[in-house]
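# Examination of the molecular architecture
One-letter residues, chain by chain:
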Amino acid sequence: MKLDARIPSGQLPDKWSSFRDHVKLLSPANKRKHTIIVVGTGLAGASAAATLAELGFTIKTFCYQDSARRAHSIAAQGGINATKNYPYDGDSVWRLFYDTIKGGDFRGREANTYRLAELSSNIIDQCVAQGVPFARDYAGYLANRSFGGALVSRTFYARGATGQQLLLGAYSALSRQVAAGAVEMHPRSDVQDIVVVDGKARGIIVRDMLTGELSAYAADAVILATGGYANVFYLSTNAKGCNTTATWRAHRRGAGFANPCYMQIHPTCIPQSGDYQSKLTLMSESLRNDGRVWVPRKKGDTRNPNDIPEEERNYYLEEKYPAYGNMVPRDVASRNAKYWCDRGYGVGPSGRGVYLDLKDAIERLGVETIRQRYGNLFDMYERITGENAYEVPMRIYPAPHYTMGGLWVDYHLMSNIPGLFVLGEANFSDHGANRLGASALMQGLADGYFIIPNTIGEYFVNERLQEVSTAAAEFKDAMADVDQRLKKLLAVNGTKTVDHFHRELGRIMWDDVGMSRNAKGLEDAIQRIGQLREQFWSDVRVPGDNNELNQELEKAARVADFLELGELIARDALAREESAGGHFREEHQTEEGEALRDDEHFQHVAVWEFTGEGKEPVRHTEPLVFEAVTPTQRSYK
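Here is a short report on the structure shown in this document. Everything numeric in this text was worked out from a predicted model, so none of it was measured.

What counts, and at which threshold
- Residues numbered from 1 in each chain as written.
- Predicted model: local features only at pLDDT ≥ 70, side-chain atom pairs only at ≥ 80, totals over all residues.
- Heavy atoms only, no water.
- Helix = DSSP H or I, 4+ residues; strand = E, 2+ residues; numbered from the N terminus.
- Buried < 20%, exposed > 50% of the residue type's maximum accessible area, 1.4 Å probe, protein only.
- Contact = heavy atoms within 4.5 Å.
- Pairing = 2+ DSSP bridges.
- Axes fitted to C-alpha atoms, helices over the stretch in contact; angles between N-to-C directions.
- Parallel < 35°, antiparallel > 145°, perpendicular 65-115°, else oblique.
- Left-handed = near helix turned anticlockwise from the far one by under 90°.
- Salt bridge = Lys/Arg side-chain N within 4 Å of Asp/Glu carboxyl O.
- Core = buried A, V, L, I, M, F, W, Y, C linked by side-chain atoms within 4.5 Å.

## A closer look at the environment of Val354
Relative to the helices and strands, Val354 is located in strand E15 (residues 354-357). Assessed through its relative accessible area of 1%, Val354 is described here as buried. Between the C-alpha atoms of Val354 and Gln527, which are 173 residues apart in sequence, the distance is 33 Å. Once residues lying within four places of it in the same chain are set aside, the contact partners of Val354 are Val293, Trp294, Val295, Tyr316, Ala337, Cys341, Val347, Met394, Arg395 and Ile396.

## So, the sheet that holds strand E12 (residues 263-269)
Ordered by their spatial adjacency, five strands build an open sheet running E12-E16-E15-E13-E14, and the pairing between neighbours is antiparallel. Lying at the two open borders of the sheet, with one neighbouring strand each, are E12 and strand E14 (313-314). For strand E13 (residues 292-296) and E14, the ladder comprises two bridges, and the chain directions are antiparallel. Counterpart to Val295 in the pairing with E14 is Asn314.

## What about the packing of helix H15 (residues 498-512) against helix H17 (residues 551-575)?
Between H15 and H17, the least distance of the axes is 9 Å, while the angle of their chain directions is 20 degrees. One element, H15, and the other, H17, form an angle in the roughly parallel class. The way H15 lies across H17 gives a crossing that is left-handed. Taken together, the residues of H17 that come into contact with H15 (itself represented by Val498, Asp499, His502, Leu505 and Met509) are Glu552, Lys555, Ala556, Val559, Phe562, Leu563, Gly566 and Ile569.

## Regarding the pattern of salt bridges
If you walk through the whole model with that rule in mind, you get 54 salt bridges. With its nearest N and O atoms 2.7 Å apart, the salt bridge here joins Asp193 to Arg253. Of this pair, Asp193 sits in strand E7 (residues 189-197) while Arg253 sits in the loop between helix H7 (245-252) and strand E11 (257-258); the two residues are 60 residues apart in sequence, bridging distant segments of the chain. Since its relative accessible area comes to 34%, Arg253 is described here as partly exposed. One salt bridge in this structure joins Arg253 and Asp481, with 3.4 Å as the shortest N-O distance. With Arg253 in the loop between H7 and E11 and Asp481 in helix H14 (residues 473-492), the pair connects residues that are 228 residues apart, well separated along the chain. Residue class for Asp481 comes out partly exposed when judged on its relative accessible area of 38%. Each of Asp105, Arg107, Asp331, Arg335, Arg576, Glu578, Arg597, Asp599 and Arg634 takes part in one network of salt bridges that share partners.

## Focus on the nonpolar core
Among the nonpolar cores identified, the biggest contains 145 residues, and Ile80, Ile204, Leu224 and Ile456 are the most heavily contacted of them. Considering every element that reaches this core, the biggest residue donor is H17, with twelve residues. Not counting chain neighbours up to four residues away, the residues in contact with Leu224 comprise Val39, Ile194, Ala246, Thr247, Ala250, Leu407, Leu420, Phe421, Val422, Leu423 and Ala426. Within the second largest apolar cluster, 33 residues are counted, among which are Val293, Ile370, Tyr374 and Leu377.

So, in structure tokens, the structure goes:
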């Protein structure tokens, strides 16, 4: 497997501008000759499709939702980072870059991370021009608030619905191109496979979710913007439909999967309330901006939190990390919550919860100010828990949220399969071993609006692409593979539901591949997932038929992929004999319980190659070279 990151030469601040000055250009007339498939219509996919269509390319977009507006980007709450420094508190491109690379525990690619920080302000200008209603201060300037891992206020927001508003902006741009005939939209389309012709990505196989009909689509390049794979845990903050099928099918076709063990466990989720809960609900990290996190100093304290006096409260983040307090990065906050709950100080019916208390902020700022900033979050919390968080502290606990791992890409955002580009959370490139809050929206829009429009044209200049028809043997073979796989799932006719297997996989992943990992647990997880996969293929029951609306069949195909991915995640975690960011190996920690990296042996990206059904995957590496920063032991004290 060839892994050439194609990072431009020169000083770090000059790499992107130098790249744009020297990249080979495609003329407007030649752009009209090329068709690009975009899979996924969230922030990354919608912004890429709209911008590329504006440039003259012919675009075909695919999403499994009934509308592009329902992409999971809509669920993002807290905000989007940018370095405009409106609060005049010392922010800069360099500081955002350094906070991001440090927050990821120096396991991100330096050049990609700097480019993300460099483009951040452009994103805000783009979105304001589209009418995104960012919050503003009394003077009319765009407002900012703090997020984890930073000492400045650089997060732009639209109350607690920032993702929704940003997605509507991108969707409006996309709709304009649909109306102009430049974009062909395909909703309710479940992508089942990637088609590779002569070593290049040239199309996809799609299942119509209403009729079950399989169709093939050909193009000159394929862009995957399909999000992450946190639903491998069954319970996560992701929508139930979020899956890994498109990226996993690409991996099976030869695309390298990078750092699959890098998972983010978000610290501010509403705790699980029952064994048959279908998903978890996030409370925005922005609440930590004004809220204080604590547990009682007495084990098993069941008193009303308002009756617990100050001297009997343990504000553990503020005590342990005085410089950052409640605004430490997500991996640090999550591990500390687990630490206190594991020792019997947790709150709530399960004991798996800590308090997020906004009482002091309400007294300082007034309830109306808090309601203006977070009102919809408080409303959502009350609908789910029946508790009024204006009067009693919220209860929160960590939950699977974002995946830093994904398909390997180079500086151009192209995978090792020529013509297969990967944007947003579906790739690995920007965040290292932990993502700072409010950076997901930033990456998705940077990739779609500003990076891929500058990089994909050079691919068409350099590659002499022959015209490909869906009648080609590669398309027919891929179609037959998909058809056979779906029929195999229907033919098992076992005794257990798809959700049964997904729930069992989630338990294994959470217990042994979750916030804290060790060699024995990971070895057991690999063995147990293999056994569960065998049981799945011999005892799963998928009712209905393939030629109809069949949500159980959809789920079955996705869970089959999760069962394979789950094992790879555990293998990657076992091979990485260090702790870094969200990947916490119990054998590798400092005396104070912090993540302990091994830069001598693991300062690299781990990229896994699929070698065939039932065969051991091969682990490759891309060395991480730091020219502008020196990796250090992270400290937020």
